[in-house]
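# Geometric and topological summary
So the chains spell out like this:
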Amino acid sequence: MDYRKVAEEIYEKVGRKENLVSAAHCATRLRLVLADNAKCDAKAVEEIDGVKGVFSASGQLQIILGTGTVNKVYDEFLAVSGLSAASKEEAKAAAAAKQPFYKKAIKTLGDIFVPIIPAIVASGFLMGIMEALNFCVNNGFLNIDTSGSIFVFANLFANTAYVFLPILIAYSAAKVFGGNPYLGAVIGMLMIHPDLQNAWTVASQGVQRTQSVWFGLYEVDMVGYQGHVIPVIIAVFVMCAIEKRLHKIIPAMFDLFVTPLVSVFATGYLTYSVIGPVFVTIENGIIGGVQQLIALPLGIGSFIMGGLYSVTVVAGVHHMYTVIDVGQLGLYGVTYWLPLASAANIAQGAATLAVALKSRNQKIKSMAIPSAMSCFMGITEPAIFGVNLRFFKPFICGAVGGAAGALYASIVGLGASGTGVTGIFGLLLCLHDPINYIIMFLISAGAAFALTWVFGYKDPVEETKKAETKEAGTLPVIETEAGGVYAPLEGTAIPYTEIKDETFASGALGSGVGIVPVKGQVVAPFDGEIAMFFDTKHAIGLLSNDGVEILIHVGINTVELNGKYFRALKETGDKVKAGDKLLEFDLEAIRAAAMM
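### What about the overall build of the chain?
When you go through the chain residue by residue, the secondary structure sums to 23 helices and 17 strands. Expressed as a percentage of its 596 residues, the buried residues of the chain come to 48%. Sequence-distant contacts, at least 24 apart, represent 69% of the contacts inside the chain between residues at least 6 apart. Here the chain has roughly 27600 Å² of accessible surface; of this, 61% comes from carbon and sulfur atoms.

Encoded structure:
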């Protein structure tokens, strides 16, 4: 192959340098981030000699060239285009920057809230425990000294994260927006300053004080922003924009004190006079609208959202729901959204459990049972991506079960005292109403399990018997011109067309086989040599003594792990015998990352 010619043709068809943002590659694909996808002639690229397929994914144009070829074409492409080599992380960041606005917004919310979830969870759990203890004491079920230091202090600890939540959000948001996180924290402090009336007292006391702003143009309520989310994020975004602009125009000798002073003062005034009042109204409208939806008569709205929740997990947009949870906690004292999410997660776990118990394939059982247990603990990805979406019908049955559980939760008005945890441990956030949480749990799990058992999964007995492999190195699974080669992993073989990666499933890299592993170990499938051991350790190119070439690729998009969870036992150029250990990997960690 003329690698230079291939690179030049790709360069021309994708729109030349003015349309290129970054270029990187993995074991099989040239990964390009383009300024405008419309300027790329993807069909023409696919017809280039040596190109085995073209598709777009994760904001990247991925051109399939094959192992051993892609790195050579990549080197020539850099020479032709004049681009600098980009790491996979840089390409991923560039691709993220090309995403639609709504995806960027959802990702931003996730980046802000994920780091502070442990604090919210800790307070939520403690609030639930203290509510349960107070209930038991007030009704004579327990005799506890509520004036003791442990009880009194625990009551103080319980709501601390929620009382000072604007500070946590502001600090995290400033880091995400590229500003000084400590200045962000100051903005959060301004929004709950003790000289402002506590927002939670307004309902009972009314607004105590107002202030004229913008030279008497209008008045604003001097009320704090306890329990609010969106105004805090917007205020910090404005502060970061001001701060970054000032860093550029203020001379270095004045920057240290002028930039923080102006950033905080300007943002503070804008927050009290414009940002806060406007976005509190917007946020209250959003939260109120969500509440009206999930409170529709007969639980219809919750039924719909309970059914669709798992779909949003697959789409990766579920992190935005933290805004709803926190907003409802501030507005109502509980979140009605978390039980809905919990119902959906429990149902997916029950559907996976039904697959595990109904299947006679030991490999499927070994994957489904721990995935179901993980789901019941609130971690859904292994169950959804590893089992339910693979067979699809269990996923639908799980969605119906989630809808049924959410319906019940809505009818009885089940709310949680905190957020961040679902499944079994979600009960700790509903200790004020544990019976209804348990009933919701049983409805979700029971409906999903029964539907999956009856309609959602048919154990492919004959196919399983044919596909199930024995110990690695004992069963030929791939036929070549030179004969059969042994399975490099222990697990269950599936047709390559069922692999959840378009590159391999399309046959662009030739025929092969997928193996659902039960052990994190790769061995040599024949006697030969390691032609290439990729630096990310997720892929190995092998050449047998008979001239057979094989690529072993572990996981889906595992190139993004950059070697994490992998341990190479050999290196490029090593001679190997059939059955020699080549690679070890953390199977469960990769599954949890939804890459297996």
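### Topic: the nonpolar core
F113, I169 and V236 are the most contacted members of the largest nonpolar core, which totals 34 residues. Residue assignment for this core shows that the elements contributing at least two residues are α5 (101-113), α6 (117-138), α7 (149-158), α9 (165-177), α10 (181-190), α12 (230-249), α13 (252-294) and α15 (321-332). Ranked by the residues each element gives to this core, the list is headed by α12, at 7 residues. Look past the residues within four positions of I169 in its chain and what remains in contact with it is I112, F113, I116, H228, V229, V232 and I233. Counting 24 residues, the second largest nonpolar core, distinct from the first, contains I10, Y11, V51 and V73.

### Section: α10
Every buried residue of α10 is listed here: P181, L183, G184, A185, I187 and G188. Packing partners of the buried residues in α10 comprise α9, α12 and α13.

### What about the packing of aromatic side chains?
The description of two aromatic rings rests on the distance between their centres and on the angle between their planes. Scanning the entire structure with this criterion turns up 11 aromatic pairs. The interplanar angle of 75 degrees and the centroid separation of 5.0 Å between the aromatic rings of F391 and Y457 together place this pair among those described as edge-to-face. One end of the pair, F391, is in helix α18 (residues 381-391); the other, Y457, is in the loop between α20 (434-456) and α21 (461-467), with 66 residues separating them in the sequence. F391 gets classed as partly exposed once you look at its relative accessible area, which sits at 23%. Residue classification places Y457 among the buried residues on the basis of a relative accessible area of 5%. A ring pair is formed by F449 and W453, whose centres lie 5.8 Å apart and whose planes are at 15 degrees; its orientation type is stacked. Of the two residues, F449 and W453 are both situated in helix α20; the distance of 4 residues between them amounts to about one turn of the helix. What makes W453 partly exposed here is its relative accessible area of 37%. A cation sits over an aromatic face here: K358 above W453, 5.9 Å from the ring centre.

### What to know about the pattern of salt bridges
As enumerated under the stated definition, the model contains 6 salt bridges in all. R4 serves as the salt-bridge partner of E8, at 3.5 Å between the closest nitrogen and oxygen. Separated by 4 residues within a single helix, E8 and R4 lie in helix α1 (residues 3-13), roughly one turn from each other. Note that E76 is salt-bridged to R4, the shortest N-O span being 3.2 Å. One end of the pair, E76, is in helix α3 (residues 70-81); the other, R4, is in helix α1, and 72 residues separate them in sequence. Note on E76: relative accessible area 26%, which makes it partly exposed. The exposure class assigned to R4 is partly exposed, which follows from its relative accessible area of 36%.

### Some words on the pairing of strand β14 (residues 549-553)
By the bridge criterion, 5 bridges tie strand β13 (residues 539-544) to β14 in an arrangement that is antiparallel. Bridge pairing links L543 to E549 in β14. Counting the residues in the hairpin turn of β13 and β14 gives 4 residues, including G547, whose phi is positive at 90 degrees.

### Focus on the confidence of the model for the chain
Taken residue by residue, the chain gives an average pLDDT of 83. The fraction at 70 or more is 90%. Ranking the elements of the chain by mean pLDDT puts α21 last, at 43, and α10 first, at 95. Across residues 461-476 the pLDDT falls below 50, and counting only partners more than four positions away or on other chains, this stretch makes 35 contacts in the model.

### Quick word on the environment of L298
Its location among the elements puts L298 in the loop between α13 and α14 (300-315). Overall, L298 belongs to the exposed group, its relative accessible area being 70%. Linking L298 and I411, residues 113 residues apart in sequence, is a C-alpha distance of 6.4 Å. In this structure L298 touches L407 and I411, once residues within four positions along its chain are discounted.

### Examining α9
For α9, with 13 residues, the first-to-last C-alpha span of 18 Å sits near the 18 Å given by 1.5 Å per residue. If you check which residues of α9 are buried, you get L165, P166, I169, A170, S172, A173, A174 and F177. Of the residues flanking the end of α9, it is G178, one or two places downstream, whose phi is positive at about 85 degrees.

### Things to note about the sheet that holds β14
Adjacent strands of a sheet form backbone hydrogen bonds with each other and so pair up, either parallel or antiparallel. Spatially, the 4 strands line up as an open sheet ordered β14-β13-β12-β16, and their pairing is antiparallel. Two strands lie at the open edges of the sheet, namely β14 and β16 (575-576), each paired on one side alone. When strand β12 (residues 528-533) meets β13, the two strands line up antiparallel, connected through 5 bridges. Pairing of M532 across the sheet is with G541, part of β13.

### With respect to the side chain of Q521
Within the fold, Q521 resides in strand β11 (residues 521-523). On the basis of relative accessible area, Q521 is assigned to the buried category, the value being 16%. Setting aside chain neighbours within four positions, we find Q521 in contact with P488, L489, K581, L583 and F585.

### Quick look at a nonpolar patch on the surface
The grouping of W214, F215, L217, F265, Y269, V274, V278, I282 and I286 at the surface amounts to a nonpolar patch, some 960 Å² of accessible area in total. By the secondary structure assignment, V278 is in helix α13. Assessed through its relative accessible area of 41%, V278 is described here as partly exposed.

Thresholds, definitions, all that
Residues numbered from 1 in each chain as written. Predicted model: local features only at pLDDT ≥ 70, side-chain atom pairs only at ≥ 80, totals over all residues. Heavy atoms only, no water. Helix = DSSP H or I, 4+ residues; strand = E, 2+ residues; numbered from the N terminus. Buried < 20%, exposed > 50% of the residue type's maximum accessible area, 1.4 Å probe, protein only. Contact = heavy atoms within 4.5 Å. Areas by Shrake-Rupley, 256 points an atom, 1.4 Å probe, with all protein chains shown as cover. Core = buried A, V, L, I, M, F, W, Y, C linked by side-chain atoms within 4.5 Å. Phe/Tyr/Trp six-rings, centres within 6.5 Å; stacked < 30°, edge-to-face > 60°. Lys NZ or Arg CZ within 6 Å of the ring centre and 35° of its normal. Salt bridge = Lys/Arg side-chain N within 4 Å of Asp/Glu carboxyl O. Pairing = 2+ DSSP bridges. pLDDT = per-residue confidence, 0-100. Expected span 1.5 Å × (residues − 1). Patch = residues over 30% accessible without salt bridge, like charges linked within 9 Å, V, L, I, M, F, W, Y side chains within 5 Å.

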